[in-house]
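# Topology and contacts: notes
This is what each chain is made of:
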Amino acid sequence: MDTFLFTVGIVGLLLVAAAAVWLSVVAWRRATSETRTLPIWQAMTRRGLEPADAAGQERAFAVAVRRCTMCASLDECEHWLAGERDDADAFCPNTTFMENLQRGKQRATVKP
């Protein structure tokens, strides 16, 4: 019985390790792909934002880029970027980040 549990534990550990390696490879390929730009740049442009609008929020920006790199909604994003969808909020993990940037940009342009 102990041998069986040990074997099941080892197999489970190997499956988890294999999944982690596979996800790392997928993320690396997405991040280093020369044929596709990271959608966050296009999404920011579509929302009227530039990377400079994130000045002072470098950590949050780095997290947003990482989220985009690891995102499982690339197909939905491509449709949104092509203008085929209006609901990026439904799938984009960076919606809140970009909304915060937009609010900050609006505050900066409004002069008291």
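First, a word on what this report is: a plain description of the structure on this page. (Residues numbered from 1 in each chain as written. Predicted model: local features only at pLDDT ≥ 70, side-chain atom pairs only at ≥ 80, totals over all residues. Heavy atoms only, no water.)

### Quick notes on the overall build of the protein chain
Cut-off, in case you're wondering: Only DSSP runs of H or I covering at least 4 residues are called helices, and only runs of E covering at least 2 are called strands; the numbering of each starts at the N terminus. As defined in this context, the radius of gyration uses C-alpha atoms, and a globule is described by 2.2 Å times the residue total to the power 0.38. Partly exposed residues are those whose accessible area sits between 20% and 50% of the maximum for their type, while under 20% is buried and over 50% is exposed, using a 1.4 Å probe and protein chains only. Computed by Shrake-Rupley with a 1.4 Å probe, the accessible areas treat only the displayed protein chains as cover when residues are assessed.
Looking only at helices and strands, the protein chain features 5 helices and 0 strands. The order of α-helices and β-strands along the protein chain, N terminus first, is α-α-α-α-α. Taking 112 residues into account, the globule formula puts the C-alpha radius of gyration at 13 Å, and the protein chain, at 20 Å, lies well above it. C-alpha extents for the protein chain along the principal axes are approximately 75 × 30 × 25 Å. Among the 112 residues that make up the protein chain, the fraction classed as buried is 24%. Carbon and sulfur atoms make up 61% of the accessible area of the protein chain, which totals about 8,100 Å².

### Brief notes about the packing of helix α2 (residues 39–46) against helix α4 (residues 74–81)
Describing two packed helices takes the angle between their axes plus the distance from one axis to the other. For clarity, the threshold we go by: Between the N-to-C directions of two axes lies an angle of 0 to 180 degrees, each axis being a line fitted to C-alpha atoms and, for a helix, fitted only over the stretch in contact. The sense of a crossing depends on the near helix, which, turned anticlockwise from the far helix by less than a right angle, makes the crossing left-handed and, turned clockwise, makes it right-handed. A contact between two residues is defined here by any heavy atoms of the two lying within 4.5 Å.
Two numbers describe how α2 lies on α4: the axes approach to 11 Å, and their chain directions differ by 35°. In the crossing of α2 with α4, the sense of the turn from one axis to the other is left-handed. Counted together, Pro39, Gln42, Ala43 and Arg46 of α2 and Leu74, Cys77, Trp80 and Leu81 of α4 form the full contact between these two elements.

### Some points on the packing of α2 against helix α3 (residues 58–70)
Selection rule: Residue polarity follows a fixed list, in which Ala, Val, Leu, Ile, Met, Phe, Trp, Tyr, Cys and Pro are nonpolar, Asp, Glu, Lys and Arg are charged, and the others, Gly among them, are polar.
Here α2 crosses α3 at 115°, and the two axes come no closer than 9 Å. Of the residues in α3, those touching α2 at Pro39, Ile40, Trp41 and Met44 are Phe61, Ala64, Val65 and Cys68. Of the residues in the contact of α2 with α3, the class split is 8 nonpolar, no polar and no charged.

### What to know about the nonpolar core
Side chains that are nonpolar tend, in soluble globular proteins, to be buried together. The test is simple: Only buried Ala, Val, Leu, Ile, Met, Phe, Trp, Tyr and Cys residues count toward a nonpolar core, and they belong to the same one when joined by side-chain atoms within 4.5 Å.
Ranked by internal contacts, the top residues of the largest apolar core, which has 17 residues, are Ile40, Met44, Phe91, Phe97, Met98 and Leu101. For this core, the secondary structure elements donating two or more residues are α2, α3, α4 and α5 (95–109). Not counting residues up to four positions away in its chain, the partners in contact with isoleucine 40 are Ala64, Val65, Cys68, Asn94 and Met98.

### Brief notes about the pattern of salt bridges
Stated precisely, the cut-off is as follows: The working definition used for a salt bridge is a side-chain nitrogen of Lys or Arg within 4 Å of a carboxyl oxygen of Asp or Glu.
For the structure on display, the rule yields 3 salt bridges. Linking arginine 47 and aspartate 89 is a salt bridge whose minimum nitrogen-to-oxygen distance equals 3.6 Å. One end of the pair, arginine 47, is in the loop between α2 and α3; the other, aspartate 89, is in the loop between α4 and α5, with 42 residues separating them in the sequence. Residue aspartate 87 pairs with arginine 85 through a salt bridge whose shortest N-O separation is 2.8 Å. Residue classification places aspartate 87 among the partly exposed positions, given a relative accessible area of 33%. For arginine 85, a relative accessible area of 23% gives the class partly exposed.

### Description of the environment of glutamine 102
To be explicit about the condition: The definition of a polar contact used here is a pair of N or O atoms within 3.5 Å, where within protein one atom must be able to donate a hydrogen and the other to accept one, and adjacent residues in sequence count solely through side-chain atom pairs.
Position of glutamine 102 among the secondary structure elements: in helix α5. The spatial distance from the C-alpha of glutamine 102 to the C-alpha of methionine 44 is 9.5 Å, given a sequence separation of 58 residues. Dropping the residues within four chain positions of it, glutamine 102 is found in contact with Arg47 and Leu49. A polar side-chain atom of glutamine 102 sits 3.0 Å from the main-chain carbonyl oxygen of arginine 47.

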